[in-house]
Amino acid sequence: MRFLLPILLAAGCSSGEDSTPGKGEYSDDAGTPTVESCGYTPAPDLDPAGDVVEVDLTASALAWDPGTGVPLDEGVAYDGSVPGPLIEANAGDTIVAHFHNDLDEPLTIHWHGIRLDSDMDGGMQMMYPVDPGASFDYTFTVPDAGFYWYHPHLDGAKLIERGLYGRMIVHAPDEVTADCDLPLALDDILLDEDTLQVAPPDTDMMQLMGRLGNVLLANGKENRRIGLTAGQTVLLRLVNPSNARFWDVYVEGQQMQVVGTDDGWLPEPYPVDDLEITPGERYMVTFTATGAPGDEVRLMNKRFQLHAADADMIETDPLGDGDNPVLTFVFGDGSVEGTPWVQPAVAPLPWSGPTETLGHHWVLDEDMMGGTVTVDGAAWPGVPLVEVAANVDTTFEVENKSEMHHPWHIHGNTFQVVAIDGVAPTVPQGWKDTFDIPPYKTVTLVSDLSNPGDWMYHCHILEHAEGGMMGEMVVE
Ligand SMILES: [Cu+2]
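Residues numbered from 1 in each chain as written. Predicted model: local features only at pLDDT ≥ 70, side-chain atom pairs only at ≥ 80, totals over all residues. Heavy atoms only, no water.

K.L.:
What should I look at first to understand the overall build of the protein in this one?
P.N.:
Looking only at helices and strands, the protein has three helices and 31 strands in total. For the protein, whose C-alpha radius of gyration is 21 Å, the value lies close to the compact-globule estimate of 23 Å for 476 residues. If you line up the protein on its principal axes, its C-alpha atoms span 60 × 50 × 50 Å. Of the accessible surface of the protein, which amounts to about 17,600 Å², a share of 50% is contributed by carbon and sulfur atoms. Once the 19 positive and 78 negative side-chain charges of the protein are each reduced to a mean point, those two points are 6 Å apart. (Helix = DSSP H or I, 4+ residues; strand = E, 2+ residues; numbered from the N terminus. Rg over C-alpha atoms; globule rule 2.2 N^0.38 Å. Areas by Shrake-Rupley, 256 points an atom, 1.4 Å probe, with all protein chains shown as cover. Lys, Arg positive; Asp, Glu negative; His and termini not counted. Charge placed at Lys NZ, Arg CZ, Asp CG, Glu CD.)

In structure tokens:
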């Protein structure tokens, strides 16, 4: 039996084209919006050794301004900024993160996508949460170049929403620096007037739908303006920390090339008109800045339909059905001969199809009447344990019996998607830790399971993870 469940969301301000430019640090005294330079500032490295990156990460309350000029009283942050400190390292480096919990609830940090030791992963099963007022030193190496992020793995649907997440860049040895290297966390928040809606009133419905916001943020602010010069090579590193929003982005008038996925560079780039990014997922894309002095081109987000076309669920996006601007690139004077993009060298990906060893076949489903989502017919912690052998090329199938997309995230080992409903993907594949399982489809993936340990896996719609769409995999 199926039911119609209209989604009702609090009305609030929306980040539409007619929004006024951000206030505060985003404009000068005359109200002219500030144009930021293109790039990033990494966290200070407290260790002088070349192969160790040492950072302080204190989680504490922070009333941060999403660009509306009104700080969010519900805000939290790592080390006083949203997103938190950007950790920059080279593949093979050791990360030492001095974590201190200044909030009033237990926390862990999950290092999303990193193949680290499972007792440093911040999942729930291999480490005790860090109590309020307590500290913990996370120490691990980062074996793979890529664009990562970190966030709590307890109460994530609220804490990530409130601002507790950060980015991490791990460089490959042969990486050429782009003229503009811009790591962007693309988040949405739900504002009612100027109040952050952390726990929407209809919890059951939100549990089933996931919480869509009405304001789009790039690195914690709406309406950023970033300077470009015509001819520059632009590298965007994109991560989606949203609770439930699947982003689908493009830059007006610019031809994007996808050059990397979650856990590294692609063997070869491919062009896209727009790019879907599921919650938790990352992509790296390049474009050559094409425009004239004074031109403004916007990073836009297209509406993504979370449910199948024939779904009974009525889905309403508080941002409406059109495309919405996220930030604006502003072309300065003149033009330059851009630094040519050089694709970092990667080993060919090993698999073109399933291997002989089937590790597990997951079944994802939903019970609309009960407002629950399930894995293998159960909800965490009742989901049966998955046990697989380490260092064996192993195939996994993820079957989605529900009418809704689910972004599937597996800790500790990286994967290659080899088929969707038995058909090989049409674009070059890279190493992944998070991938969309579309409604009614089965995605086939392969891993070498080179990283033994006790790992969580779950849907990265955060309301679904906390609603029980999560399990545990032992690789030994
Ligand atoms: Cu889900």
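K.L.:
Would you mind showing me how to read the domain arrangement of the protein here?
P.N.:
Partitioning the protein into structural domains gives domain 1 (40–171), domain 2 (180–335) and domain 3 (357–475). For domain 2 versus domain 3, the distance between C-alpha centres works out to 24 Å. In this assembly, 33 residues from domain 2 lie in contact with 29 residues from domain 3. Regarding the contact of domain 2 and domain 3, the summed buried area is about 2,400 Å², with carbon and sulfur atoms giving 57% of it. Across the contact surface, domain 2 and domain 3 share three salt bridges. Of all the secondary-structure elements, those providing two or more residues to the side of domain 2 that touches domain 3 are α2 (203–209), β17 (264–272) and β19 (282–288). When residues of the side of domain 2 that touches domain 3 are assigned to their parent elements, the largest contribution, five residues, is made by α2. Considering only residue class, the side of domain 2 that touches domain 3 consists of 15 nonpolar, nine polar and nine charged. (Domains from an automatic or database assignment. Contact = heavy atoms within 4.5 Å. Buried area = accessible area lost by both parts, 1.4 Å probe. Salt bridge = Lys/Arg side-chain N within 4 Å of Asp/Glu carboxyl O. Nonpolar A, V, L, I, M, F, W, Y, C, P; charged D, E, K, R; others polar.)

K.L.:
Help me understand the coordination of the copper ion, please; the structure alone is not making it clear to me.
P.N.:
Reference geometry at the metal: tetrahedral coordination by four donors gives ideal angles of 109.5 degrees; octahedral coordination by six donors gives 90 or 180 degrees. Only His406 (ND1), Cys459 (SG) and His464 (ND1) from the protein reach the copper ion as donors, at distances of 2.0 Å. Counting the intervening residues between successive donors of the copper ion yields the motif H-x52-C-x4-H. Note on accessibility: Cys459 and His464 belong to one class, buried. (Donors = N, O, S within 2.8 Å, 3.2 Å for Na, K, Ca; no water. Buried < 20%, exposed > 50% of the residue type's maximum accessible area, 1.4 Å probe, protein only.)

K.L.:
What is the right way to read the nonpolar core from this model?
P.N.:
In summary, soluble globular proteins display a tendency toward joint burial of nonpolar side chains. Grouped together as the largest cluster of nonpolar side chains are 66 residues, with contacts concentrated most on Leu57, Trp111, Phe140, Trp362 and Trp408. Looking at which element gives the most residues to this core, the answer is strand β1 (residues 52–61), with four residues. In this structure, Leu57 is in contact with Tyr78, Asp79, Pro85, Ile87, Ala97, His98, Phe99, His100, Ile109, Trp111 and Tyr150, ignoring residues within four places of it in sequence. Ranked by size, the runner-up nonpolar core spans 36 residues in total, among them Cys38, Trp247, Ile277 and Val326. (Core = buried A, V, L, I, M, F, W, Y, C linked by side-chain atoms within 4.5 Å.)

K.L.:
Can you walk me through the sheet that holds β1 in this structure?
P.N.:
Strand-to-strand pairing in sheets goes through backbone hydrogen bonds, with the strands running parallel or antiparallel. Ordered by their spatial adjacency, four strands build an open sheet running β2-β1-β4-β6, and the pairing between neighbours is mixed. Both outer strands of the open sheet, β2 (76–78) and β6 (135–141), are each paired with one neighbouring strand and no more. Averaged over all neighbouring strand pairs, the angle between strand axes comes to 15°, with direction disregarded. Strand direction decides the pairing type here: β1 and β2, joined by three bridges, are antiparallel. Each residue of the ladder has a partner; that of Ala61, found in β2, is Val76. (Pairing = 2+ DSSP bridges. Axes fitted to C-alpha atoms, helices over the stretch in contact; angles between N-to-C directions.)

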